[in-house]
Amino acid sequence: MATLTIDGRRVEAPAGTFLLQACRQAGVSVPTLCDHPAVEPYGGCRLCVVDVTRPEWDGWRKMVVSCLYPVEDGLIVDTRSDRVIETRRVVLDLLLARSPRTPLIQRLAREYGIERTSYEPNPEPTDCILCGLCVRICDRLGHSAIGTADRGAGRVVAPPFHEPPEACVGCLACAEICPTGFIRFESGPDRRRIWNRDFEMVRCPRCGRAHVTKAQAAWYARRMGWPEAEFEVCDSCRRRDMAATTVRLGEGPTGNAAS
Amino acid sequence: MRIASRQHFEEAVAAARDRREARTRDIWVCCGTGCLANGSAAVAEAFRSRIEAEGLQTGLGVYTKTTGCHGFCQRGPLVVIQPEGILYTRVQARDVPEILEKTIGRGEVVERLLYRDPNTRTPVARYEEIPFYRHQTRIAMRNIGRLDPGDLDDALALGAYGGLVRALFEKTPEEVIEEVRKAGLRGRGGAGFSTARKWAAARKARGDRKFVLCNGDEGDPGAFKDRSILEGDPHSVLEGMIIGAYAVGAHEGYIYVRDEYPLAVVHVQKAIEDARERGLLGRDILGSGFDFDLRVSRGGGAFVCGESSALMRSIEGKVGEPRAKYIHASDRGLFDLPTVLNNVETWADVGAILTHGGEWFAAYGTAKSRGTKAFSLVGKVKNTGLIELPMGESLRRIIFDIGGGILKDRPFKAVQTGGPSGGCLPADRLDLPVDYEVLTENGSMMGSGGMIVMDDRTCMVDVARYFLKFLSEESCGKCVPCREGLRQMLHIFDDLCEGRGRPGDIERIERLARGMQLGSLCELGKSAPNPVLSTLRYFRDEYEAHIDRKACPAGICRTLTTYRIIEDPCTGCHQCTKVCPVEAIEGRPRQKHRILPEKCISCGSCYDVCPENCIEFLPRGGREEAIHGHADH
Ligand SMILES: Cc1cc2nc3c(=O)[nH]c(=O)nc-3n(C[C@H](O)[C@H](O)[C@H](O)COP(=O)(O)O)c2cc1C
Ligand code: SF4
Ligand code: FES
């Protein structure tokens with residue numbers, strides 16, 4: 001455990017965690033766009049900046065991104081210093097120029113007093129804020145079907161060579177994690193379409209719901225070394241099965257509930 | 001043959017020295033990238049075949065040697081005749097018979113091939129007397145140009161690996177670090193971090209698997225010092241890295257070289273193979289019991305891959321993108337293991353420090369910036385090239401003594417130091433001693449040692465725009481302040497240069513610059529505003545002219561400038577009509593000429609060639625008075 005001070009409050013945080021969690025646990029809100037519990041911290045949006053200092057640092061302060069700065073004993077954190085607020089404002093102002101029509105950005109910008117961007121609005125507004133969540137979740141799940149292409153302002157999220165990605169299994173994790181709804185897909189009872197690729201759906205043999213793509217089921221099966229049929233049953237039916245099994249187990253071989 | 005002990009090493013060195021000294025005449029042909037581009041391979045070949053045909057080698061002991069870059073590429077191909085030290089410039093294969101006949105045969109100098117002082121026009125025969133070389137002190141580049149980079153024996157004869165032997169057989173790893181600390185060596189690749197401190201941290205880091213890396217990415221436009229060292233004396237880098245590995249306890253290393261430097265890749269690879277064969281790399285180096293081996297990693301050529309964390313990702317085979325972290329590479333670097341990364345030049349200094357001692361190195365330079373530093377001197381100076389001199393020398397000495405002054409003797413306006421995210425320093429800073437602190441205090445930086453000299457025909461707003469454009473293309477785009485900030489900053493600068501500047505732009509620039517400095521993830525974004533802020537600091541009036549009067553005082557921003565011929569002195573010499581790319585100048589020979597405004601694209605070519613100084617530029621529209629003509633500047 002490390003003991004630190006956040007906006008004047010003493011806070012305990014488990015060693016090995018980052019300032020952002022400590023702030024949130026202390027009830028201090030810190031804006032973020034690229035942080036998500038399912039993936040490793042990234043440090044790309046720069047909204048979560050805070051000022052840190054230590055008594056022994058002689059008044060010297062350092063501005064850091066809280067999503068990546070490890071908690072340390074004795075650290076004094078200021079989440080609302082002038083330069084923290086100013087930096088967040090510049091970032092939001094810039095993002096609003098990039099994505100002027102994106103509600104999430106509009107809302108955050110407004111919280112920081114920005115109604116209209118002071119920069120040149122993007123002639124081709126986009127909802128993609130390049131937070132990298134989609135790429136990271138896809139990597140995390142082991143597919144790495146999408147990545148970023150090009151550098152600088154031309155950077156975009158895309159499958160390799162901008163072609164329908166071979167490694168994609170159509171799981172929709174990218175679309176689900178996307179905070180702005182930029183990633184488009186269509187999903188019906190027989191087909192699913194994402195990243196310009198079509199996927200055949202598998203229907204659950206119990207309830208008939210189209211819940212995974214064939215590619216997804218095959219991928220899970222390969223990864224776990226189980227038969228593909230195992231993954232054809234949908235999660236809710238599986239849970240129901242599991243519950244039934246648990247009840248049976250609980251009842252024991254004699255059929256009487258254990259006490 | 002493998003060298004298996006210290007004594008064995010000394011014998012190998014003595015033998016190599018004897019062989020080197022047995023040559024009565026040595027013809028050094030520069031085969032650095034610059035000279036090769038000018039045809040030096042053919043020159044070397046001509047010497048070889050002619051010497052062979054005439055039996056000069058066996059008869060008289062005349063040898064040809066291809067060397068690395070002498071730094072004076074502008075005058076290449078260069079040939080040096082030893083032992084006299086005669087330097088011939090712009091040598092072509094057809095000059096070879098004459099050189100052999102006169103200089104080798106009769107000891108005469110071929111005057112037309114000598115270097116001529118650009119100011120006095122007098123020929124200078126000897127290498128060391130040429131001001132370009134006379135003012136230099138070479139440590140990192142001590143042997144470049146003097147040895148054949150593909151010949152390990154040649155390097156041994158000149159003292160290569162002598163520092164390694166002292167480190168391995170006379171010092172503990174801690175004592176090696178202490179020597180480097182005494183030398184005061186700081187990183188030559190960017191921030192100038194203390195090399196000894198970095199090494200000590202990696203030495204202390206827990207774990208048996210550690211790495212040393214060499215940063216040979218060198219992506220700054222116009223910079224070529226690291227490439228020249230890797231090409232011209234790869235063994236100096238290898239030696240430094242083995243010493244560093246011994247000091248921190250690493251057994252593996254990588255030299256990261258950008259793929260666009262094919263000659264460097266080839267030379268480094270050969271050096272590694274040769275060193276391995278002789279027992280300088282691999283298991284039980286020189287019989288000391290220390291193991292270390294090296295590999296080359298080829299970089300795809302993105303500027304950002306030179307950044308420490310991006311470079312490590314790239315070696316790991318991942319996307320070369322900076323990673324935000326608050327843990328030093330000395331604890332968790334390559335493959336998350338303790339790692340030391342140093343620049344090519346830093347590594348090249350290490351061998352010399354161990355050979356001559358830390359105090360010897362520290363005797364050069366200033367209190368906080370010890371030793372010497374290599375610079376790529378380019379732009380509007382008479383002598384361009386690669387130089388090395390003690391820290392603390394003035395910009396004036398570099399630009400006017402070594403560089404020979406400004407081309408065409410135009411007025412000096414600014415010098416940009418530190419690479420694309422460095423800053424511009426004006427004439428009143430020319431006497432500043434060049435060291436890490438002084439450059440930073442004055443709004444620029446040492447960076448990797450680029451120096452671009454600018455004359456009065458330079459618009460500082462346009463210069464800032466140029467660097468912004470480069471950086472906006474090289475930003476990896478991962479973090480918002482750098483990616484979007486550079487895009488917007490460039491936008492503002494496009495507006496300024498094209499007459500759309502608005503009141504309040506300077507304040508907008510300053511605010512955005514501060515946001516980028518504070519908010520960006522890596523040093524690329526943090527330092528990207530430097531070219532903007534330094535030009536704003538020293539040339540604010542030029543910004544104001546662009547905004548308030550829509551005028552470019554230097555006559556460079558085309559949308560803001562028109563050109564006109566002052567009729568009076570025009571002699572109709574026709575020079576201007578020859579250079580105008582769009583045939584916008586009319587006039588018969590020996591009669592007054594006229595620029596057709598509807599055709600003129602304001603490129604200024606005519607202005608730069610007019611021998612009578614009779615072309616002037618005005619703000620677009622031409623209502624105001626001329627900003628300035630030639631004669632009265
Ligand atoms: C965008 C960027 C590009 C860089 N490029 C280089 C480079 O080409 N060569 C280099 O040695 N250092 C480069 N650096 C600095 C490195 O990150 C690192 O500080 C350096 O290699 C450490 O070596 P040194 O201590 O010997 O200077 C770059 C830094 C940044 C931010
Ligand atoms: S500062 Fe620029 S180069 Fe560095 S991580 Fe951010 S976007 Fe990439
Ligand atoms: S949450 Fe985006 S940088 Fe920390």
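Residues numbered from 1 in each chain as written. Chains lettered and ligands numbered in written order. Predicted model: local features only at pLDDT ≥ 70, side-chain atom pairs only at ≥ 80, totals over all residues. Heavy atoms only, no water.

Participant: So what exactly am I meant to see when it comes to the packing of aromatic side chains here?
Facilitator: Aromatic ring pairs: the centre-centre distance and the angle between the two ring planes describe each pair. Residues and elements named next belong to chain B. Counted under the stated rule, the structure contains 24 aromatic pairs over all chains. Considering the side-chain rings of Phe-211 and Phe-335, the 6.0 Å spacing of their centres and the 50 degrees angle between planes classify their relative orientation as tilted. Here Phe-335 lies in the loop between helix H14 (308-315) and strand S10 (339-343) and Phe-211 lies in strand S7 (residues 211-216), a separation of 124 residues in the sequence. In this structure Phe-211 comes out as buried when scored by relative accessible area, which is 1%. Given the relative accessible area of 40%, Phe-335 is considered partly exposed. Summarising the aromatic geometry, the rings of Phe-493 and Tyr-543 are spaced 5.9 Å apart at their centres and angled 90 degrees between planes, so their arrangement reads as edge-to-face. Of this pair, Phe-493 sits in helix H20 (residues 480-497) while Tyr-543 is found in helix H24 (residues 540-548), placing the two residues 50 residues apart along the sequence. Across the pair, Tyr-543 and Phe-493 agree in class, each one buried. Members of the aromatic cluster, connected to one another through ring pairs, are Phe-72, Tyr-115, Tyr-127, Phe-132 and Tyr-133. (Phe/Tyr/Trp six-rings, centres within 6.5 Å; stacked < 30°, edge-to-face > 60°. Helix = DSSP H or I, 4+ residues; strand = E, 2+ residues; numbered from the N terminus. Buried < 20%, exposed > 50% of the residue type's maximum accessible area, 1.4 Å probe, protein only.)

Participant: Just checking my understanding: could you explain unusual backbone geometry for this structure?
Facilitator: Across the chain, the bulk of peptide bonds are trans and the bulk of non-glycine residues have phi less than zero. With omega at -5 degrees, the peptide bond leading from B:Gly76 into B:Pro77 counts as cis. Within the secondary structure, B:Pro77 sits in the loop between strand S2 (62-67) and strand S3 (79-82). A cis geometry characterises the amide bond from B:Gln82 onward to B:Pro83, with omega recorded as 10 degrees. Positionally, B:Pro83 belongs in the loop between S3 and strand S4 (86-88). A positive phi angle is found at A:Leu130, which is not glycine, with a value near 55 degrees. With respect to the helices and strands, the residue A:Leu130 is situated in the loop between helix H3 (103-111) and helix H4 (133-140). Judged by its relative accessible area of 4%, A:Leu130 is buried.

Participant: Any chance you could explain the pattern of salt bridges here in plain terms?
Facilitator: Pairing is possible between side chains that carry opposite charge, provided their charged atoms lie close to one another. With the rule as written, the count across this model stands at 79 salt bridges over all chains. As a salt-bridge pair, A:Arg193 and A:Asp198 come within 2.8 Å of each other at their nearest N and O atoms. A:Asp198 sits in the partly exposed class, given a relative accessible area of 42%. For B:Lys182, the salt bridge is made with B:Glu179, and the minimal N-O distance between the two is 3.8 Å. (Salt bridge = Lys/Arg side-chain N within 4 Å of Asp/Glu carboxyl O.)

Participant: How should I be thinking about the site of ligand 1 in this particular structure?
Facilitator: All names here are of chain B. The full set close to ligand 1 counts 19 residues, and Gly-189, Glu-218, Asn-342, Asn-343 and Thr-346 are the nearest of them. Glu-218 places a main-chain nitrogen or oxygen 2.8 Å from an oxygen atom of ligand 1. Contact with the protein chains covers 88% of the free accessible surface of ligand 1, which is 600 Å². Of all elements in the fold, only S10 and helix H22 (523-527) reach the threshold of two or more residues within the shell around ligand 1. Here the residues of the shell around ligand 1 are counted per class, giving three nonpolar, 10 polar and six charged. (Near = heavy atom within 4 Å. Polar contact = N/O pair within 3.5 Å; in protein donor to acceptor, adjacent residues only side chain to side chain. Areas by Shrake-Rupley, 256 points an atom, 1.4 Å probe, with all protein chains shown as cover. Nonpolar A, V, L, I, M, F, W, Y, C, P; charged D, E, K, R; others polar.)

Participant: Sorry if this is basic, but what is going on with the environment of B:Cys552 here?
Facilitator: Residues and elements named next belong to chain B. Positionally, Cys-552 belongs in the loop between H24 and strand S16 (561-565). For Cys-552, a relative accessible area of 1% puts it in the buried group. Note: C-alpha distance between Cys-552 and Met-460 (92 residues apart in sequence) is 9.5 Å.

Participant: For this particular structure, what's the right way to read the domain arrangement of chain B?
Facilitator: Reports of interface size often rely on the accessible area that becomes lost once the parts have come together. Under the domain assignment, chain B is made up of domain 1 (16-130), domain 2 (152-174 + 188-349), domain 3 (372-455), domain 4 (460-549) and domain 5 (558-619). Relative to domain 5 of chain B, the C-alpha centre of domain 4 of chain B lies at a distance of 33 Å. (Domains from an automatic or database assignment.)

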